[in-house]
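# Structural description and commentary
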Amino acid sequence: MPTPVLPDPVVAARTALVAQSSLTALVVQRIYYSIPASPVYPLLVLSLVDDGELRPETLTARVQVDVWGPGSTTQQVVDCKALAAVVRSVARDLRGTWGGATISNSVVDQAIPSADPTTGRARFIVDLLLEVNQ
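Procedures and definitions
- Residues numbered from 1 in each chain as written.
- Predicted model: local features only at pLDDT ≥ 70, side-chain atom pairs only at ≥ 80, totals over all residues.
- Heavy atoms only, no water.
- Core = buried A, V, L, I, M, F, W, Y, C linked by side-chain atoms within 4.5 Å.
- Buried < 20%, exposed > 50% of the residue type's maximum accessible area, 1.4 Å probe, protein only.
- Helix = DSSP H or I, 4+ residues; strand = E, 2+ residues; numbered from the N terminus.
- Contact = heavy atoms within 4.5 Å.
- Phe/Tyr/Trp six-rings, centres within 6.5 Å; stacked < 30°, edge-to-face > 60°.
- Lys NZ or Arg CZ within 6 Å of the ring centre and 35° of its normal.
- Pairing = 2+ DSSP bridges.

### A few points about the nonpolar core
With 32 residues, the main nonpolar core has Leu23, Val67 and Leu128 as its most contacted residues. Counting residues per element, the ones that place at least two in this core are α1 (9-18), α2 (21-27), β2 (43-55), β3 (58-68), α3 (74-90), β5 (101-113) and β6 (123-133). For Val67, the contacting residues outside a window of four places in its chain are Leu43, Leu44, Cys80, Leu83, Ala84, Val87, Ala122, Arg123, Phe124 and Val126.

### Digging into the side chain of Thr24
Secondary-structure assignment places Thr24 in helix α2. Sequence-distant contacts of Thr24, that is, excluding residues within four places in its chain, are made with Leu17 and Val18.

### Examining the environment of Leu94
Examined against the element boundaries, Leu94 turns out to sit in the loop between α3 and β4 (96-98). Here Leu94 falls in the buried class, since its relative accessible area comes to 0%. When the C-alpha positions of Leu94 and Ser38 are compared, they lie 28 Å apart, and in sequence the two are 56 residues distant. Non-local contacts of Leu94, meaning those with residues more than four positions away in its chain, are made with Ala16, Leu17, Gln20, Ile103, Ser106 and Leu128.

### Description of unusual backbone geometry
For the bond from Tyr41 to Pro42, the omega torsion is 0°, close enough to zero to count as cis. Inspection of the secondary structure assignment puts Pro42 in the loop between β1 (31-32) and β2. Of note, Val28 is a non-glycine position whose phi angle comes to about 55°, a positive value. Topologically, Val28 is positioned in the loop between α2 and β1. Take Val28: its relative accessible area is 47%, and that puts it in the partly exposed class.

### Quick word on the environment of Ser89
Residue position: Ser89 is located in helix α3. Between the C-alpha atom of Ser89 and that of Val108, which follows or precedes it by 19 residues, the distance is 8.8 Å.

### Here we look at the packing of aromatic side chains
Think of a pair of aromatic rings as described by two things: how far the centres are apart, and how the planes are tilted against each other in angle. Overall, the coordinates contain 0 aromatic pairs when judged by the stated rule. The lysine or arginine in question, Arg121, covers the ring of Tyr41, its NZ or CZ lying 3.8 Å from the ring centre.

### Some points on the sheet that holds β2
The sheet built from 6 strands is open, its strands ordered β1-β2-β3-β6-β5-β4 with mixed pairing. Either end of the sheet is taken by a strand with one partner, and the two such strands are β1 and β4. Looking at chain direction, β2 and β3 are connected through 11 bridges and run antiparallel. Bridging from a neighbouring strand, Leu43 pairs with Trp68 of β3.

### Some words on the pairing of β2
The side chains of a regular strand alternate, first on one face of the sheet and then on the other. When β1 meets β2, the two strands line up parallel, connected through 2 bridges. The partner of Tyr32 across the bridge, within β2, is Val45.

This is how it looks when you write it as structure tokens:
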């Protein structure tokens, strides 16, 4: 029997994050797969760091959430860090069925500051560790 085709963990993470009202109160629907051509900050950008098969029906994945602030002032960095803390706080609320994917486990591995090297724009990187099933 072939291994099932498992859902995309980045799509599952975005669907679950958009459903978190404490997060969307701050970023509305600005949770993307890449920075849009005309960005409105703050925003989140999701990308896959790595994934692997835990069991034939379960994919483990590390999804990077780049939390971008509107600029580089001290207050904008503080606000960006607070937004990253909200991402951390909703991580366990991502467990559940979201569209065609079920997230059976979700935790934040780490959150680190990483300002844009060119502009100095505030950014925090939050790593979500997910287990995703059909």
